[in-house]
Amino acid sequence: KILNVVGRRGICRRPGARMGCWGSKDEEVTEQEITEAQGKAATKGGSALTGTTFELKEDRGCTDFLCLLILIVFWGCMLFVGILAFVRGEPARLHNGYDFNGNLCNFGSNAVKPYLYYPYPYAVAGAEPDLTWATCVKECPCQNGCPGVELSVTAPDLCIMAFKTKMDNGVEVTCGGLADGRTEMSQFTEMSARNAIGFRKYCMKRTPVCSDCNNATCCDGSNQVIAGNITTDFNETAYPELKKFGIPLGHKYGFCFVPYPSAKTSLLTRCLPYLLPDTSSFAEALNSYDESANGTTGNATVSKEDIESGFTGVLNAFNNPGETFNSLMDEVNEHKYWILMSAGIAFVVSMIYTILLRVAALPLTIVILIAIWLMLGASTALLFFKAGVIKQSQVPVELSGITAMDLPAGLTLDAAKQNQNLLIVAAVVVAVCFVIYSLLFCIMIPRIMLAIKVINIASSCVASMPTIFLCPIIQFFWMLSLFAWWTAVAVFIASVGEWNAEAHQYQWDDATRWAAVFHFFGLLWGRAFILACGQLVIAGAAAQWFLASDKKVLTLPVGGAIKRTVRYHLGTAGLGSFLIAVVQFIRWVFRYYMYQLKKLDKDSRIVGCLTCIGECCLWCLEKFLDFINKNAYIQTAINGTSFCTSAGVAASLLIRNCLRLGAITICSSLFILIGKIFIAVGTALITALIIVGGEWDNITKAPIFSMVVVVLLAYAIGAAFLDVWDMCIDTIFQAYLMDMEMGTGKATGELKNFVAENEPKGKDIKAATSHL
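These figures come from a predicted structure and were not determined experimentally. (Residues numbered from 1 in each chain as written. Predicted model: local features only at pLDDT ≥ 70, side-chain atom pairs only at ≥ 80, totals over all residues. Heavy atoms only, no water.)

1. Comments concerning the overall build of the protein chain
Defined as follows: Secondary structure elements are taken from DSSP: a helix is a run of H or I of four residues or more, a strand is a run of E of two residues or more, and numbering for both begins at the N terminus. Exposure categories follow from relative accessible area, calculated using a 1.4 Å probe and restricted to protein chains: below 20% of the type maximum is buried, above 50% is exposed, and the middle band is partly exposed. Every residue pair with non-hydrogen atoms within 4.5 Å of one another is taken to be in contact. Surface exposure here means Shrake-Rupley accessible area, sampled with a 1.4 Å probe, where a residue is shielded only by the protein chains that are shown.
Along the backbone of the protein chain there are 21 helices and 16 strands. Classification of the 772 residues of the protein chain by burial places 52% in the buried group. Intrachain contacts of the protein chain at a sequence separation of at least 6 include 75% that bridge at least 24 residues. As presented, the protein chain carries roughly 34,300 Å² of accessible surface, and 63% of it is formed by carbon and sulfur atoms.

Here it is as structure tokens:
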């Protein structure tokens, strides 16, 4: 009975037999080989289904209810994590940065100060530079030696805000009172405190006392105490005077200091030490300060190595996993509206593709095949071009006549390096796909022709239930809501942190780290759950169509399927989607640790081999579970059984009949995959062109991570639409197998004829025998 359609004579000897799915030449199979295949299928698949009636079960109960409860609790926790993130997070902190008192740049008291400047980015006693002494500035200070700055021997000085202090003779003076944050030196009238001596003594060595906190931590430029002790002296033991270039530059966490030449950069609005091509003018200015401050000949010396050491200290602040994660989240936050727009593009493309697939499958196929070839080629060219533009050894700056600054030898910019590596990987992957696709273009034609016939059979089902396309539309809005929520919460989680007054920085605790991991898993489970619910609904509607005596008169099949799914089978969808999410999560964890190992030894072949093996195994496991889930959902939609029971019945049914429909289902799945790739690549290409615009020559920025999010979102939306066809095809053919085994005669003559005309070939039978 297993091969009652194939027959004992063997399909490959039948005149007029069609080519197999792969377009290869038919192979002869012997009677013994067919008997062996039949025996193995019967042994592995168990007993055939029995029964006199084959109807959609109406009297059913809740399935996998425990898993539904777990799912509800999980999303309650997801909501709780999101609320905490919104309450405690501050996304602007990722982009703008904050000063040593925790105040955001470009906000509040620093509303006119958008740039973050590090007064002392140099190593002390061989330790790593401590960049917690950070200040917000209106303009990155750049005096002598900077392009476009007039040379001057004026002593460099800077205060982050104006504050008053008293000299020893009781006269009140203002530090940082000038418009550019500099101090008027002529106000220091004491004979022992003239010029820079007074600036060092009364401004650099003191901090203001402010009314709200009675110290300097809450000063905003307007709340300084006006009576009594209006300033405090630095504790020289706790915060000794920091020196560089042979002169004192200020006290750590001081409000006034001696600045170095710096340049604005588009890299998270930070000021970078400017790598002076000639240090003589800056040294002259420092000597002027030193002479004025000490009353002796200046002893300041400036070398390129000193400037480079400060540059390296600031740059290393960006070259760590935490800042890398922050920069990625900042990129997503910057492009969030374009990402949402890409969802609309994917929705429109998916709708048009689905409609054309129903009315003109063959012409659409030819156009899509050519369009994918062109898009893969264009994407390859654009990715390689952009990867060539990215410069790891340069950083973009905003100076007169200068757009980029060369990094010291051996130093690279991690943000640019990360973007370039991602671009190269993406370009290579797309290029390999382009080459393989080009080579297989002609070979795919026989497969596609068979797939079109399968699509036409499913079109009869879809045409009888036009409301079935409500499923992907509903899924689209649920998916869009999920991605919007997840992205917003992820950005806020990245900006969460408790202010550590002693360390002068915001810090993640363990709870925040686990919340980020939990939130990421929620994205995987949520996406898989939405797709699972859609598959259950489509399977239920398609099964009702298959089992209907009069397929032209159906009573709300989609509405009935939605009702059954929501009322009885959300737990089954939750369990199946959870298994998929766990495997996907393991894949991401594996990728993370492989990435960390590769950073230790970039040329390690062992790490590369382990990465390849692990990815392959986990990918196969995910696809296997996806296959089991889909067929289990079909059994659940028909019989109302739990996930495990449905998976067992479906697996046995497919094993018993693996020689019937293998080639047909493979071809249709391939065709559906091509559609998903078309939607994802097309949406990403359009969005990338819009985001990049005319900035293809930017040497550090490339919205590659945003494009990864766009591809995933577009693929998910495309999958929601095309799963209508995929699930209809799988449901129809699985119901056909059940009908054949039980002999209830539900299958149409058209379907029987199609299966008979496309029976398995010799190679398919031999392959099935080997796998069994």
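Resuming the write-up.
2. Thoughts on the pairing of strand E4 (residues 163-166)
Worth spelling out the cut-off: Think of it this way: DSSP has to see at least two bridges between two strands before they count as a pair.
Residues Phe163 and Thr165 point to one face of E4 and are all buried, whereas Lys164 and Lys166, pointing to the other face, are not buried. Pairing of E4 with strand E5 (residues 172-175), which is carried by 4 bridges, proceeds in the antiparallel orientation. In the strand pairing of E5, Thr165 is matched with Val173. In sequence, E4 turns back onto E5 through a hairpin of 5 residues, with Gly170 there showing a positive phi of about 90 degrees.

3. A few points about the pairing of strand E9 (residues 247-251)
The buried fraction of E9 is high, at 5 of 5 residues. Here strand E8 (residues 241-244) folds back onto E9 in antiparallel fashion, the turn holding 2 residues, of which Phe245 has a positive phi close to 60 degrees.

4. A closer look at unusual backbone geometry
Where the residue is not glycine, phi is negative for most of them; where a peptide bond is considered, it is trans in most cases. Positive phi values are uncommon outside glycine, yet Tyr253 reaches one of about 70 degrees. In this fold, Tyr253 is placed in the loop between E9 and strand E10 (256-257). Using a relative accessible area of 9% as the deciding quantity, one classes Tyr253 as buried.

5. Some words on the packing of aromatic side chains
Each aromatic ring pair is described using two quantities: the centre-to-centre distance and the angle formed by the ring planes. Quick reminder of the rule: Here a pair means two rings of Phe, Tyr or Trp (six-membered ring of Trp) with centres within 6.5 Å. Their orientation is stacked below 30 degrees between planes, edge-to-face above 60, and tilted elsewhere.
Going through the model one piece at a time under the given rule, you end up with 33 aromatic pairs. Relative to Tyr253, the ring of Phe100 lies with its centre 5.9 Å away and its plane at 40 degrees, an arrangement referred to as tilted. Separated by 153 residues along the polypeptide, Phe100 in the loop between helix H3 (92-96) and strand E1 (115-117) and Tyr253 in the loop between E9 and E10 bring together distant segments of the chain. The class for Phe100 is buried, based on a relative accessible area of 2%. In this structure an aromatic cluster arises from ring pairing among Phe74, Trp75, Phe518, Phe520, Phe521, Trp525, Phe578, Phe585 and Trp588.

6. A look at the state of the cysteines
Here is the rule: The definition used for a disulfide is geometric: two cysteine sulfur atoms within 2.5 Å.
In this structure the tally under the stated criterion is 6 disulfides. Residue Cys105 pairs covalently with Cys136 via a disulfide, S to S 2.0 Å. Disulfide Cys105 to Cys136: torsion about the S-S bond roughly -80 degrees, handedness left-handed. Within this pair, whereas Cys105 is found in the loop between H3 and E1, its partner Cys136 is found in strand E2 (residues 135-137), the two being separated by 31 residues in sequence. A single burial state applies to Cys105 and to Cys136, both of which are buried. Disulfide pairing is shown between Cys159 and Cys256; the S-S distance is 2.0 Å. Looking down the S-S bond of the Cys159 and Cys256 bridge, the torsion is 110 degrees, so its handedness is right-handed.

7. Comments concerning the environment of Pro121
Relative to the elements of secondary structure, Pro121 occurs in the loop between E1 and E2. Once the C-alpha coordinates of Pro121 and Thr312 are considered, the two residues, 191 residues apart in sequence, prove to be 8.3 Å apart.

8. A short note on the side chain of Ser577
Spelled out, the test is: Polar contact criterion, stated in full: a pair of N or O atoms within 3.5 Å, where within protein one must be able to donate a hydrogen and the other to accept it, and residues adjacent in sequence count only if both atoms are side-chain atoms.
Summarising the element assignment, Ser577 is placed in helix H15 (residues 570-600). Judged by relative accessible area, Ser577 falls into the buried class, the value being 1%. A polar contact of 3.0 Å, which involves the side chain of Ser577, links it to the backbone oxygen of Gly574. Each residue touching Ser577, except ones within four places of it in the same chain, is listed here: Trp525, Ala528, Phe529, Ala532, Asn629 and Tyr633.

9. Considering the pattern of salt bridges
Counted only if it meets this: Salt bridge, as used here, is a side-chain nitrogen of Lys or Arg placed within 4 Å of a carboxyl oxygen of Asp or Glu.
With the rule as written, the count across this model stands at 15 salt bridges. One salt bridge connects Lys205 with Glu236, and the closest N-O pair in it is separated by 3.0 Å. Residue Lys205 is located in the loop between helix H4 (196-204) and strand E6 (206-208), and its partner Glu236 is located in the loop between strand E7 (231-233) and E8; the two are separated by 31 residues in the primary sequence. Here Arg513 and Asp510 are joined by a salt bridge, their closest N and O atoms 3.1 Å apart. Note that Arg513 and Asp510 are positioned in helix H13 (residues 510-547) at a spacing of 3 residues, about one turn of the helix. By relative accessible area, which is 54% here, Asp510 ends up exposed. Residues joined in a network through salt bridges with shared partners are Arg200, Lys205, Glu236 and Glu241.

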